[in-house]
Amino acid sequence: MARVYNFSAGPSMLPEKALQRAASEMLEYGSSGQSVMEMSHRSKEYEAIINECEALFRELLEIPDNYKVLFLQGGASTQFAMVPMNLMKTGKADFVVTGQWAKKAWQEAAKFGDAKAVASSADKTFSYIPELTPDMFRPDADYVHVCYNNTIYGTHYNTFPNVGDRPLVADMSSCIMSEKVDVSKFAMIYAGAQKNIGPAGLTVVIIRDDLIGNAKEGTPTMLDYKIHAENGSMYNTPPTYSIYMCKLVLEWIKNDMGGVEAVNKINQHKAKLFYDYLDSSAMFKGTVTPKDRSLMNIPFVTGNEELDKLFVKESKEAGFVNLKGHRSVGGMRASIYNAMPVEGVEKLIEFMKEFEKKNG
Ligand code: PMP
């Protein structure tokens, strides 16, 4: 078996250790006589799994006690609606538009109230993060929404978004658990699991208690945070297997990698290797303003579409898959989440150097 280096933006690579553990427990979890997939979500065995997953979240991100951790479904895209339905108490929210996902969050919120795009980086194809100062935001905005890491364009808030005292909501789909963040500075964080913490099907919401219980009248039961919080994410059947896989990934972060800060150091090392090469290459160029570069998603181009195509084709044949850029931007993108080993990045750079020699 030859596993490829998968540079997909998501779903993406999972730690091999977590996959092996899942494989070894596929037919029988513990001495339960059944797979986790077959287990009642109300069983003692499963209760222990979901509780452990939440405990690991709290420990790894040092989540304060006045925040709930919810395990939901519907992807980060469902949060684009759920956030305004639950948090737009007076009907106003401000948005920073730094890419397609940020824009979708803003446009969806506009269905529920006065959603204002306060700043945007659309003028330069979302290649930077706009400067933010508290006076840009409306004093009576119920919250400010940011996309902390922009998966498609490869930008990240490397300085904390300064929104003053407004509640800050962050989409961390493509950077959760890749860096330590001070959760207490956020009103809410949400993330689809399928990049850094598990398979698709699970969406994690970390929300401060005082923001729960304000859903607009007519909010469907399943879209009310209060219902999920009161029922320990068990109002209905949660995505049981995805939560179990997430637990295995978090165990890997804690036990094998030494925690989120240690993982972040490795992420910084991997990204530096890659950016240093891009900055020194005569053929490949990064597309993002250096100070706003993401550690997770690295878009790059040759400036020649034919050459880009050839690179994507030949890299795939060499075992480096999913390097094609997002369909909206073209070029290439290497997504190097937590589970991408350092040698995956080193080998890709070697391949790029060879490609450059051959075609330069
Ligand atoms: N936000 C960001 C930052 C994303 O990268 C994505 C998916 N790539 C989404 C939201 C949408 O997530 P989902 O597919 O889970 O709805």
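Residues numbered from 1 in each chain as written. Predicted model: local features only at pLDDT ≥ 70, side-chain atom pairs only at ≥ 80, totals over all residues. Heavy atoms only, no water.

Trainee: So what about the pairing of strand 8 (residues 168-171)? Which residues, and what values?
Mentor: Across the two faces of strand 8 the burial is the same, with Leu168 and Ala170 and Val169 and Asp171 all buried. As paired strands, strand 5 (residues 143-147) and strand 8 are joined by four bridges and run parallel to one another. Looking at the pairing, valine 144 lines up with leucine 168 of strand 8. Here strand 8 runs beside strand 9 (residues 188-192); their pairing, made up of three bridges, is parallel. Looking across to strand 9, one finds that valine 169 is bridged to methionine 188. (Buried < 20%, exposed > 50% of the residue type's maximum accessible area, 1.4 Å probe, protein only. Helix = DSSP H or I, 4+ residues; strand = E, 2+ residues; numbered from the N terminus. Pairing = 2+ DSSP bridges.)

Trainee: Break down the state of the cysteines for me, citing the residues and quoting the values.
Mentor: Counted by the stated rule, this structure contains zero disulfides. Free of any disulfide, cysteine 246 has its nearest cysteine sulfur in cysteine 53, 3.8 Å distant. Judged by its relative accessible area of 0%, cysteine 246 falls in the buried class. (Disulfide = S-S within 2.5 Å.)

Trainee: How would you sum up helix 3 (residues 75-87)? Please name residues and give values.
Mentor: For helix 3, built from 13 residues, the straight-helix expectation of 18 Å at 1.5 Å per residue is met to within 8% by its first-to-last C-alpha distance of 18 Å. Maximum bend of helix 3: about 30°, positioned at alanine 81, with proline proline 84 one to four residues after it. Across the 13 residues of helix 3, 10 count as buried, placing the element largely inside the fold. For helix 3, every residue scored as buried is listed here: Ala76, Gln79, Phe80, Ala81, Met82, Val83, Pro84, Met85, Asn86 and Leu87. (Expected span 1.5 Å × (residues − 1). Bend = angle between axes of the 7 residues up to and from the residue.)

Trainee: Describe the environment of tryptophan 101, and please don't skip the residues or the numbers.
Mentor: By secondary structure assignment, the location of tryptophan 101 is in helix 4 (residues 100-109). Sequence-distant contacts of tryptophan 101, that is, excluding residues within four places in its chain, are made with Ser77, Phe80, Cys147, Thr151, Ile152 and Asp171. (Contact = heavy atoms within 4.5 Å.)

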